Amino acid sequence: MIEKKQQIFNKLGLHARAAAKLSHLANMFSADIYLIFNEDKVNAKSLLGILTLAASVGNEIILQAAGADEKEAIQAIGDLFDRKFDEEI
Amino acid sequence: MSKEVKGIQLSQVSALAPLKIVRVFNEKGLANLVSHPRPQRPGLGLSGYLKHIHAGRIQIFGKTEAGYLASLKDDERGRCLRNYFALRLPGVIVAESIEPEADWIAAAARHNTPLLVSELHTAPLISRLNAYLYQYFSKTIKMNGVLMDIMGQGVLITGASGIGKSETALELVNKGYQLIADDVAEFYIDSNDELVGRANEVIKNLMEVRGLGIINVNDIFGASAVLDEKRLNLVINLEKWDPKKKYDRLGEDNLYFKILGLEVPLINLPVGPGRNLSTIIEVALRNFLAKKAGRLTYLESRGSTAPAAPGAASVTEEPPKGDSTT
């Protein structure tokens with residue numbers, strides 16, 4: 001199992017569209033992937049689960065993955081956060 | 001992962017719990033923190049025995065307290081009130097619209113303790129406070145799964161992502177059962193020590209169906225298709241059919257799932273081609289209710305209705321011999 005701290009850079013935070021992109025990406029990996037924020041832990045493959053976090057810009061969350069492709073998963077998801085979910089220039 | 005809370009402001013309690021507060025004295029004290037879920041009646045605390053009066057608990061005054069204080073001589077009453085309020089209590093709620101005396105208000109004001117007057121009698125006042133504060137102070141936990149009301153029972157359907165939880169739930173909603181939460185359900189323990197589940201406010205009434213997106217069950221199926229919260233009775237875990245795994249063939253396994261320290265009955269349902277999950281879940285519920293009522297089909301099917309020793313059903317395979325007249 002590996003963990004990574006990740007800051008949220010996009011203005012709107014983990015809103016519906018970003019959450020959809022995130023869960024779509026997470027579903028491409030076989031590893032179990034979780035987001036941890038404010039003592040809440042949700043499955044990154046679940047869109048509604050991500051929405052319940054209500055995490056916004058500037059917040060720091062923890063990405064956690066366990067499974068065969070955990071490294072690739074964390075790398076790809078961290079990258080999506082860093083790219084601000086491709087929504088801003 | 002579960003959370004614990006430290007305290008709640010008295011103003012929030014009086015605003016959110018249905019306490020029928022009609023008047024407030026020493027309003028500044030409404031910012032005081034309540035740190036304990038059970039309210040307390042002072043009882044002997046007023047006569048000077050303060051050992052078990054807890055400074056974090058809301059205090060309840062009823063006719064007994066008011067009558068006792070009224071029976072004391074002025075200087076005696078002043079001393080009792082001074083000692084009692086010196087504990088820095090978060091607040092006192094006076095029941096049955098009893099008018100607080102001027103010296104109560106003064107003694108309480110010295111330590112910033114507010115006095116709230118409620119229309120309710122002491123018993124309903126305490127039970128409403130209990131219900132609200134227990135929910136507030138309970139540990140909460142988020143569980144991945146769909147929480148539904150099926151035949152009056154709270155059922156959490158769990159399973160790996162993509163196994164078909166939401167699709168099964170949608171079929172069940174279509175059959176007339178109620179959705180409480182899709183994907184993530186939050187649980188807390190209420191004042192009766194029972195596990196209660198509800199949806200996070202953000203995703204209430206929502207459901208995600210791949211290919212359709214996010215749908216609002218309340219808009220599509222109507223108000224009868226959703227519920228705010230429900231006591232949890234059963235967990236049904238969907239898993240990929242594994243030919244090597246031994247599944248319950250007789251219906252005699254008693255498995256449990258632990259949530260916040262409480263055990264909930266668990267059924268493992270293998271998902272395979274040609275298995276209609278929503279029908280199997282419906283039948284599982286009927287069987288669960290029958291078992292609750294004491295009907296154990298796996299024992300009865302041996303031909304005798306007398307309850308045999310537990311596990312006996314799996315020992316013998318021989319059909320009962322001829323004399324069916326007995």
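Residues numbered from 1 in each chain as written. Chains lettered and ligands numbered in written order. Predicted model: local features only at pLDDT ≥ 70, side-chain atom pairs only at ≥ 80, totals over all residues.

Overview of the overall build of chain A
Turning to step 1, where the next piece is worked out: Secondary structure summary: chain A contains three helices and four strands in total.
Turning to step 2, where the next piece is worked out: If you list the helices and strands of chain A from N to C, you get β-α-β-β-α-β-α.
Turning to step 3, where the next piece is worked out: Here the C-alpha radius of gyration of chain A, 11 Å, is about what a compact globule of 89 residues would show, namely 12 Å.
Turning to step 4, where the next piece is worked out: On the principal axes, the C-alpha backbone points of chain A span a range of 35 × 30 × 20 Å. (Helix = DSSP H or I, 4+ residues; strand = E, 2+ residues; numbered from the N terminus. Rg over C-alpha atoms; globule rule 2.2 N^0.38 Å.)

Points about the domain arrangement of chain B
All names here are of chain B.
Turning to step 1, where the next piece is worked out: In terms of domain boundaries, chain B breaks down into domain 1 (2–137) and domain 2 (140–299).
Turning to step 2, where the next piece is worked out: A C-alpha centroid distance of 42 Å is found between domain 1 and domain 2.
Turning to step 3, where the next piece is worked out: Each side of the interface is counted separately: domain 1 has six residues, and domain 2 has six residues.
Turning to step 4, where the next piece is worked out: Of all elements in the fold, only β1 (2–3) and α5 (122–137) reach the threshold of two or more residues within the side of domain 1 that touches domain 2.
Turning to step 5, where the next piece is worked out: In terms of residue count, the dominant contributor to the side of domain 1 that touches domain 2 is α5 (four residues). (Domains from an automatic or database assignment. Contact = placed C-beta atoms within 7 Å.)

What to know about the nonpolar core
Turning to step 1, where the next piece is worked out: Within the largest apolar cluster, 64 residues are counted, with the highest numbers of intra-cluster contacts made by A:Ile33, A:Ile50, B:Met148, B:Ala169 and B:Ile236.
Turning to step 2, where the next piece is worked out: Ignoring anything within four residues of it in the chain, the contact list for A:Ile33 reads A:Ala26, A:Ala44, A:Lys45, A:Ala65, A:Ala73 and A:Ile77.
Turning to step 3, where the next piece is worked out: In terms of nonpolar packing, the next biggest core, distinct from the first, is built from 30 residues, B:Val34, B:Ala95, B:Leu116 and B:Leu125 among them. (Core = buried A, V, L, I, M, F, W, Y, C linked by C-beta atoms within 7 Å. Buried ≥ 20, exposed ≤ 12 C-beta atoms within 10 Å, placed from the backbone.)

Details of unusual backbone geometry
Residue and element names in this part refer to chain B.
Turning to step 1, where the next piece is worked out: Residue Asn26 is not a glycine yet carries a positive backbone phi of 55°.
Turning to step 2, where the next piece is worked out: The phi torsion at Asp193 lies on the positive side, around 65°, for a residue other than glycine.
Turning to step 3, where the next piece is worked out: Looking at where Asp193 falls in the secondary structure, it is placed in the loop between β12 (184–189) and β13 (195–199).

Thoughts on the pairing of strand β16 (residues 229–240) of chain B
Residues and elements named next belong to chain B.
Turning to step 1, where the next piece is worked out: Sheet topology note: the strand β10 (residues 153–159)/β16 ladder contains six bridges and is parallel. Following the sheet pairing, Thr158 is matched in β16 by Asn237.
Turning to step 2, where the next piece is worked out: By the bridge criterion, three bridges tie β13 to β16 in an arrangement that is antiparallel. What sits directly across from Gly197, in β16, is Lys230.
Turning to step 3, where the next piece is worked out: Sheet analysis places β16 next to strand β18 (residues 262–271), joined by six bridges and oriented parallel. Paired with Glu239 across the bridge in β18 is Pro270. (Pairing = 2+ DSSP bridges.)

Re the interface of chain A and chain B
Turning to step 1, where the next piece is worked out: Tallying the contact residues gives 14 residues for chain A and 14 residues for chain B.
Turning to step 2, where the next piece is worked out: Counting residues per element, the side of chain A that touches chain B draws most heavily on helix α2 (residues 47–53) of chain A, at five residues.
Turning to step 3, where the next piece is worked out: Residue classes in the side of chain A that touches chain B are distributed as five nonpolar, five polar and four charged. (Nonpolar A, V, L, I, M, F, W, Y, C, P; charged D, E, K, R; others polar.)

Let's talk about the sheet that holds strand β4 (residues 60–66) of chain A
All names here are of chain A.
Turning to step 1, where the next piece is worked out: On the basis of which strands lie adjacent, the open sheet formed by four strands has the order β1-β4-β2-β3 and antiparallel pairing. Single-partner strands in this sheet number two, and they are β1 (2–7) and β3 (40–43). Here the average twist between neighbouring strands, direction ignored, is 25°.
Turning to step 2, where the next piece is worked out: When strand β2 (residues 32–37) meets β3, the two strands line up antiparallel, connected through four bridges. Bridge pairing in β3 links Leu35 to Val42. (Axes fitted to C-alpha atoms, helices over the stretch in contact; angles between N-to-C directions.)

Observations regarding α5(B)
Turning to step 1, where the next piece is worked out: The end-to-end C-alpha distance of α5(B) is 22 Å, a good match for the 22 Å that 16 residues give at a rise of 1.5 Å each.
Turning to step 2, where the next piece is worked out: If you follow the buried residues of α5(B), they end up packed against β5 (59–61), β6 (92–94) and β7 (115–118) of chain B. (Expected span 1.5 Å × (residues − 1).)

Considering helix α8 (residues 277–292) of chain B
All names here are of chain B.
Turning to step 1, where the next piece is worked out: Taking 1.5 Å as the rise per residue, α8 with 16 residues should run 22 Å; its terminal C-alpha atoms sit 22 Å apart, in good agreement.
Turning to step 2, where the next piece is worked out: Burial in α8 covers these residues: Leu277, Ile281 and Leu285. Along the long axis of α8, the arc covered by the buried residues comes to 85°, so they all point the same way. For α8, exposure combined with an orientation more than 90 degrees from the buried face picks out Thr279, Val283 and Arg286.
Turning to step 3, where the next piece is worked out: Where the residues of α8 are buried, they touch β9 (146–150), β10, α6 (165–174), β16 and β18.
Turning to step 4, where the next piece is worked out: Backbone geometry just after α8 places Gly294 at a positive phi near 95°. (Arc of directions from axis to C-beta.)

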